[in-house]
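Chain residues, written in single-letter form:
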Amino acid sequence: VELAWAMKQPGRAAQALVTAAGLSRFDPRRQRQLLLDAVAAWEQAGEQQEATDVLEKVVREHPDALSPTELAHRFLVLKLPARALAVAFAPLMAAEDLIGALKLADAAKDSERATEALWALARQDGNSAQAQRLAAQLQEDEEAGPLEALAELFEQGGATERARGLWSVLLLRFGSKVALD
C-alpha cells in the first residue's frame, strides 16, 4: 500500500487496501478501516464506481462504521445524492437533525422529503426561515388545506404574525371559510 502511495498510484493503493481488508475478516474493526481507506483511495484515483462499490460493502458489512451524516457526505462526494438520501434521511429525521435532513433532501432535489423536513422544522419554530419557506411553497401549490394546517400550527406555536398573514392569504386568495373563524 505504501509503495503504491509513494508512486502516486491511488488506484493500486485502493486495490491493495481491498485485498488487505479481505484478509482481515477476523478483525472487523481493522477491516472496516481498510475498506474506508480504500474508498478514499478510489475517490482520489477518480474511480467513482469502484469507490461506490466499496462504500456499499461498508454499508452492508459494517453498518455502524459511519454515522448517517458521514455516510451521506461520502455518497454526496461520489455524486450520488439519491443514495445519500436513502441511507441518511430517516436516521437524521429520527435524531431530530432536521436541518441536516433538509439539506440532504435539497441536495438530492427531493421535494417530497424536503417538505417533510420543512413541516417538522415549522412544528419546532413557526418563526424560522424554514417555516417561511414552507409557507411560500404551500402558497405556490395553491391548495388551501395544507395552508390552513400551517396557519393553525403557527397559531398554536405562538407565531401569531405569520398565522395572521396566512389567514389573510387564505381568505383573500382562497375564500377559506376556516380563515373567518
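Each chain has its residues counted from 1, running along the sequence as written. Local features in a predicted model are, by the rule used here, given only for residues with pLDDT of at least 70; side-chain atom pairs are given and counted only at 80 or more, and totals for whole chains, interfaces and linings are based on all residues. Side-chain figures throughout are based on the complete set of non-hydrogen atoms in the structure, without hydrogens or water.

**Describing the overall build of the protein**
Step number 1: Helix and strand counts for the protein come out as 11 helices and 0 strands.
Step number 2: Segments assigned H or I by DSSP are reported as helices when at least four residues long, segments assigned E as strands when at least two residues long, and all are numbered from the N terminus. Listed N to C, the secondary structure of the protein is α-α-α-α-α-α-α-α-α-α-α in terms of helices and strands.
Step number 3: Here the C-alpha radius of gyration of the protein, 23 Å, is well above what a compact globule of 181 residues would show, namely 16 Å.
Step number 4: Taking the principal axes of its C-alpha atoms as reference, the protein extends roughly 75 × 30 × 20 Å. Our radius of gyration looks at C-alpha atoms and nothing else; its globule reference is 2.2 Å times the residue count to the power 0.38.

**Some remarks on helix H9 (residues 129-141)**
Step number 1: With 13 residues, H9 extends 18 Å between its outermost C-alpha atoms, agreeing within 8% with the 18 Å of an ideal straight helix rising 1.5 Å per residue.
Step number 2: When a residue's accessible area, from a 1.4 Å probe over protein chains only, is under 20% of the maximum for its type it is buried; when over 50% it is exposed; and in between it is partly exposed. Every buried residue belonging to H9 is among Ala131, Leu134, Ala135, Leu138 and Gln139, and all of these are buried. Down the axis of H9, the smallest arc covering the buried residues is 135°, so these residues share one side. The exposed residues of H9 that point more than 90 degrees off its buried face are Ala129 and Glu140.
Step number 3: Buried-residue contacts for H9 involve helix H8 (111-124), helix H10 (144-156) and helix H11 (160-174).
Step number 4: The positive-phi residue at the C-terminal boundary of H9 is Glu142, with phi of around 55°. Every helix has an expected span of 1.5 Å times one less than the residues it contains. In this context, the arc is that of the directions from the helix axis out to the C-beta atoms. A contact between two residues is defined here by any heavy atoms of the two lying within 4.5 Å.

**Topic: the nonpolar core**
Step number 1: Among the nonpolar cores identified, the biggest contains 55 residues, and Leu150 and Phe154 are the most heavily contacted of them.
Step number 2: Dropping the residues within four chain positions of it, Phe154 is found in contact with Ala122, Gly126, Ala131, Ala135, Ala159, Thr160, Arg162, Ala163 and Leu166. Residues belong to a common nonpolar core when they are buried Ala, Val, Leu, Ile, Met, Phe, Trp, Tyr or Cys residues joined through side-chain atoms within 4.5 Å.

**A look at the environment of Ala51**
Step number 1: Along the chain, the position of Ala51 falls in helix H4 (residues 48-61).
Step number 2: Placed 58 residues apart in sequence, Ala51 and Lys109 show a C-alpha to C-alpha distance of 23 Å.
Step number 3: Aside from chain neighbours lying at most four places away, what touches Ala51 is Val39, Trp42, Glu43 and Leu78.

**Some remarks on the packing of H8 against H10**
Step number 1: Angles run from 0 to 180 degrees between N-to-C directions of axes, and those axes are lines fitted to C-alpha atoms, restricted for helices to the stretch in contact. Where H8 contacts H10, the axes come no closer than 9 Å and their chain directions differ by 30°. Taken together, the axes of H8 and H10 are roughly parallel relative to one another. In terms of crossing hand, the pair formed by H8 and H10 is right-handed. On H10, the residues touching Trp119, Ala122 and Arg123 of H8 are Pro146, Ala149, Leu150, Leu153 and Phe154.
Step number 2: Considered class by class, the residues forming the contact of H8 with H10 number 7 nonpolar, no polar and 1 charged. Working definition: roughly parallel below 35 degrees, roughly antiparallel above 145 degrees, roughly perpendicular at 65 to 115 degrees, and oblique for all remaining angles. Left-handed describes a crossing in which the near helix is turned anticlockwise from the far one by less than a right angle; the clockwise case is right-handed. Each residue gets one of three labels, nonpolar for Ala, Val, Leu, Ile, Met, Phe, Trp, Tyr, Cys and Pro, charged for Asp, Glu, Lys and Arg, and polar for the others, Gly among them.

**Examining the confidence of the model for the protein**
A low pLDDT means the predicted coordinates there should not be read in detail.
Step number 1: Across the protein, the average pLDDT comes to 92, with 96% of residues at or above 70.
Step number 2: Note: pLDDT gives the predictor's confidence per residue, expressed from 0 to 100. Across the protein, H8 holds the top mean pLDDT of 97, while helix H1 (residues 2-6) sits lowest at 62.

**Observations concerning the environment of Ala14**
Step number 1: Along the chain, Ala14 turns up in helix H2 (residues 10-23).
Step number 2: Taking the C-alpha atoms as reference, Ala14 lies 8.0 Å from Ala40; in sequence the two are 26 residues apart.
Step number 3: Sequence-distant contacts of Ala14, that is, excluding residues within four places in its chain, are made with Ala38, Ala41 and Trp42.

**Description of the pattern of salt bridges**
Step number 1: In the sections that follow, a salt bridge refers to a side-chain nitrogen of Lys or Arg positioned within 4 Å of a carboxyl oxygen of Asp or Glu. A complete count under the given rule lists 6 salt bridges for this structure.
Step number 2: In this structure, Glu56 and Arg83 form a salt bridge, with 2.6 Å as the shortest nitrogen-oxygen distance. Linking Glu56 in helix H4 with Arg83 in helix H6 (residues 81-94), this pair joins segments that are 27 residues apart in sequence.
Step number 3: Residue Glu56 is classed as buried on the basis of its relative accessible area, which comes to 19%.
Step number 4: Close ionic contact of Lys57 with Glu61 constitutes a salt bridge, the shortest N to O distance being 3.7 Å. In this pair, Lys57 and Glu61 both sit in helix H4, 4 residues apart, roughly one turn of the helix.

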